[in-house]
Amino acid sequence: TPGVTCRNEPWLITRPTVMLGNGEAVLRWTGSKPGNFITICDGGSLKVEGVTFDFALQQGYATVRNAIATAPVMITSYTLDVENCRFINSPESGCCAIRGGKGTFAESISVNSSLFSDLSGNGIWLADETDDKGVYSADHIFIKDCSFSRMLGLPVSIYRGGSDESTAGPYVTISDCLFTDCCNKERGSVLRLIGPQKLYVTGCHFERSGRGGATIRLDETTWEDVRIKGCRWTDSGRVISNRNVIE
């Protein structure tokens, strides 16, 4: 429904759900405790389109923890499709726009034509599986035609650790995205992509980003299919990789 909606508790997604905002719906947090705007739970999958997630602190209320995140414990897998949404005005460094938590698994996450702007925290965070046992948060990840600007945190962080070859993913495609004034802190990264078995970064433009560390940080093995093609760098940091992956 168009207009501003104030939430004091998360929307719990427990079944396949479509949320259409028509570009006019705005969510703000007025809870007494930090929480998510939306929490995906067992049995839930979500398609959200045309919604603005406004992290701006409302006077007298707690901060938002994440815009869209998974429940702490999930048994079933889920899917997430984000289209033409805006994630803006986060004052807290620990917040994320989209977060897949430890012990949860998405069959696919797709983020298209969306804006991430003025965020002290992170954008798309799929990096909580840090036990290095070949476990990861999402199988297929597609990020296309998105704009990331004025971010202190990492716009995209994906992690799959360990040398277990029994799991085939994740498969990651990041295409036609713009990164402006993002993650310029010391040793920071605009795209931190550790362990994807197939990774394609194409047609992206990095502008004044990653200057204190890297625009793209990899740690790829010899068998991982990693390609960076048709990207542009303007006053931005380097690409850190174990081999030449830029075409």
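These notes cover the structure that comes with them.

Conventions we followed
Residues numbered from 1 in each chain as written. Predicted model: local features only at pLDDT ≥ 70, side-chain atom pairs only at ≥ 80, totals over all residues. Heavy atoms only, no water. Buried < 20%, exposed > 50% of the residue type's maximum accessible area, 1.4 Å probe, protein only. Helix = DSSP H or I, 4+ residues; strand = E, 2+ residues; numbered from the N terminus. Pairing = 2+ DSSP bridges. Core = buried A, V, L, I, M, F, W, Y, C linked by side-chain atoms within 4.5 Å. Contact = heavy atoms within 4.5 Å. Salt bridge = Lys/Arg side-chain N within 4 Å of Asp/Glu carboxyl O. Phe/Tyr/Trp six-rings, centres within 6.5 Å; stacked < 30°, edge-to-face > 60°.

1. A few points about the pairing of strand E15 (residues 156-159)
Phase 1: By the alternation rule, side chains of E15 split into Val156 and Ile158 and Ser157 and Tyr159, which are all buried.
Phase 2: As defined by bridge partners, E15 adjoins strand E18 (residues 189-194) across 4 bridges and the pair is classed as parallel. Its bridge partner being in E18, Ile158 is matched across the sheet by Leu193.

2. Observations regarding the nonpolar core
Phase 1: With 61 residues, the main nonpolar core has Phe53, Ile68, Phe87, Phe116 and Phe148 as its most contacted residues.
Phase 2: Setting aside anything within four residues of it in sequence, one finds Phe116 in contact with Phe87, Ala97, Ile98, Val111, Gly123, Ile124, Cys146, Ser147, Phe148, Ser149 and Met151.

3. Observations regarding the pairing of strand E14 (residues 147-151)
Phase 1: By the bridge criterion, 4 bridges tie strand E11 (residues 115-119) to E14 in an arrangement that is parallel. Counterpart to Ser117 in the pairing with E14 is Ser149.
Phase 2: Strand direction decides the pairing type here: E14 and strand E17 (residues 178-182), joined by 4 bridges, are parallel. Bridge pairing in E17 links Ser147 to Leu178.

4. A closer look at the pattern of salt bridges
Phase 1: In this structure the tally under the stated criterion is 10 salt bridges.
Phase 2: Between Lys102 and Asp131 there is a salt bridge, with the nearest N and O atoms lying 2.7 Å from each other. Of this pair, Lys102 sits in the loop between strand E9 (96-99) and strand E10 (106-112) while Asp131 sits in the loop between strand E12 (122-126) and strand E13 (138-144); the two residues are 29 residues apart in sequence, bridging distant segments of the chain.
Phase 3: With a shortest N-O distance of 4.0 Å, Glu207 and Arg208 are connected by a salt bridge.
Phase 4: A relative accessible area of 23% means that Glu207 is categorised as partly exposed.
Phase 5: With relative accessibility at 31%, the residue Arg208 sits in the partly exposed group.
Phase 6: Each of Lys102, Glu129 and Asp131 takes part in salt bridges that share partners, so that together they form one network.

5. Some thoughts on the packing of aromatic side chains
Phase 1: Inspection of the entire model under this criterion finds 10 aromatic pairs.
Phase 2: Taking the centre distance of 5.9 Å and the plane angle of 50° together, the rings of Phe37 and Phe53 count as tilted. Of this pair, Phe37 sits in strand E4 (residues 35-40) while Phe53 sits in strand E5 (residues 45-54), placing them 16 residues apart in sequence.
Phase 3: Taking the relative accessible area as the measure of exposure, Phe37 reaches 0% and is therefore buried.
Phase 4: The class for Phe53 is buried, based on a relative accessible area of 0%.

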